[in-house]
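So you can see what is in the structure, the chains are spelled out below.
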Amino acid sequence: KRARILAHARMLAVAALAAVLLPQAGLAQDGTAPPARATLTAQSSQTTALLQAVSVVDSATVWVSGHAGTWARTTDGGAHWQPGRVPDADADSLEFRDVHAASADEAWLLAAGPGERSRIYHTADGGRSWTLQHTNPDPKGFYDCFAFWDSRHGVAFGDQVDGRTVMLETSDGAHWTALLTDRLPAPAGTEGGFAASGTCVTTLGRKLGWVATGAGSEARVFRTEDRGAHWTAVATPAPSGATAGLASVVFRDPMHGAALGGDVAAPASQGQIVVSADGGRSWTAGARPPFPGAVYGAAYAIGTRSPVLVAVGPGGMALSRDDARSWETLDSVAYWSVGFGSNGVGWAVGPKGRITRIDPRP
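None of the values given here were measured: they were computed from a predicted structure. (Residues numbered from 1 in each chain as written. Predicted model: local features only at pLDDT ≥ 70, side-chain atom pairs only at ≥ 80, totals over all residues. Heavy atoms only, no water.)

Asks: Give a description of the overall build of the protein chain that names residues and reports values.
Replies: Looking only at helices and strands, the protein chain features one helix and 28 strands. With 362 residues in all, the protein chain has 54% of them scored as buried. The long-range fraction of contacts in the protein chain, counting pairs at least 24 apart against all pairs at least 6 apart in sequence, stands at 49%. With the model as given, the accessible surface of the protein chain reaches about 15,400 Å², and the carbon-plus-sulfur share is 54%. (Helix = DSSP H or I, 4+ residues; strand = E, 2+ residues; numbered from the N terminus. Buried < 20%, exposed > 50% of the residue type's maximum accessible area, 1.4 Å probe, protein only. Contact = heavy atoms within 4.5 Å. Areas by Shrake-Rupley, 256 points an atom, 1.4 Å probe, with all protein chains shown as cover.)

So, in structure tokens, the structure goes:
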């Protein structure tokens, strides 16, 4: 009996100690455990170029692109990466700030730069050869990013030129033409895009699309419901200015989305985010990500049970599980862009060939 009493006393002591220690270990006040942090896994990219864009085809195939004419691809889920460069006369100096991949073999690259340094290339053989599809004909022009609804229909966005909003479209995946001004909103001052992450344009389904703008008198989001035939613009509460505005726009379904950015010339400032619950018709301010500086890129994790939004920038990486009402810091090193596949696994890229695999699920 004495042994039973002592054992019971020890159990009570352990329970009392647990009641004190468990809240310190991270339990919420209601006794539930918080979600586990995402798992980050560094990759061996086989390149030292600054990488600025990600396109995830499926759980096995991911394409990335960046400076010095560089692209890289994995077809085994990141176990091995194959880097390459576009074999053009001066492509080694081009900055491929966006990439869109349709498969392990087919992909497009968008080079961002002044005038003819803004270009679009295409491969149909996994990067063994590349075709130059389009060169910016306007010496004042600067392309920022592009996105596709399918392998034939896509749109590219650029900085305004002489008071004209600049957008291109393709209806065959091979030829690109400028949209007429009557199909586009007039620019808000010197409005354009930030060619930071390849995520200033996003598409969803067969006909929906959005564009995040910056460097103008307002930080706006363009919206289309008819696969780019017509675009409308909505002002957001995000601050604007010559170096400020929105750099990235993402939607997890036709109604819920986020646009992110900040002042790209103020690394000590805090990033900005606005959110929409009506398909981009209106926007409200969200909680700012915890890392310093502007947000360059963002993506929603697809295939997770609850909404998972990841934002990246030169100041780090953060994750929100409640549509930007709160954030948790994931990393403090620099990233430029991020993308997710249908299996819920993501990939973030940055300086010196940095590629990091992200699994946001517990």
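Past the structure itself, the notes keep going.
Asks: Please set out the sheet that holds strand E3 (residues 62-66) residue by residue, giving values where relevant.
Replies: One key point about sheets: their strands pair by backbone hydrogen bonds, in either a parallel or an antiparallel sense. Spatially, four strands are ordered E2-E3-E4-E5 in an open sheet, and the strand pairing comes out antiparallel. Only two strands of the sheet have a single partner each, and these edge strands are strand E2 (51-56) and strand E5 (82-85). In this sheet, neighbouring strand axes are inclined to one another by 20 degrees on average, regardless of whether the strands run parallel or antiparallel. In this sheet, E5 lies alongside strand E4 (residues 70-74) in antiparallel orientation, the contact comprising four bridges. Opposite Thr70, over in E5, you have Arg85 as the bridge partner. (Pairing = 2+ DSSP bridges. Axes fitted to C-alpha atoms, helices over the stretch in contact; angles between N-to-C directions.)

Asks: Can you break down the sheet that holds strand E19 (residues 257-263) residue by residue, with the values?
Replies: Read across the sheet, four strands follow the order E18-E19-E20-E21 without closing on themselves; strand pairing throughout is antiparallel. The open sheet has two edge strands with one neighbour each: strand E18 (244-251) and strand E21 (284-285). Of the pairings in the sheet, the one linking E19 to strand E20 (residues 272-276) comprises five bridges and is antiparallel in character. Along E20, the bridge assignment pairs Gly257 with Ser276.

Asks: Give me the lowdown on the state of the cysteines, citing residues and values where you can.
Replies: By the definition in use, this model includes one disulfide. Disulfide partner of Cys145: Cys200, at an S-S distance of 1.6 Å. Across the S-S bond linking Cys145 and Cys200, the dihedral sits near -85 degrees, which makes this disulfide left-handed. Of the two residues, Cys145 sits in strand E10 (residues 143-148) while Cys200 sits in the loop between strand E13 (177-178) and strand E14 (201-204), which places them 55 residues apart along the sequence. Of the residues examined, Cys145 reaches a relative accessible area of 0% and is grouped as buried. (Disulfide = S-S within 2.5 Å.)

Asks: Mind laying out the environment of Gly353, listing which residues take part and the relevant values?
Replies: Its place among the elements puts Gly353 in the loop between strand E27 (346-349) and strand E28 (355-359). Taking relative accessible area as the criterion, Gly353 reaches 4% and is therefore assigned buried. Distance in space between the C-alpha atoms of Gly353 and Gln43 is 9.2 Å, their sequence separation being 310 residues. Residues in contact with Gly353, not counting those within four places in the same chain, are Ser45, Thr47, Thr48, Ala49 and Leu51.

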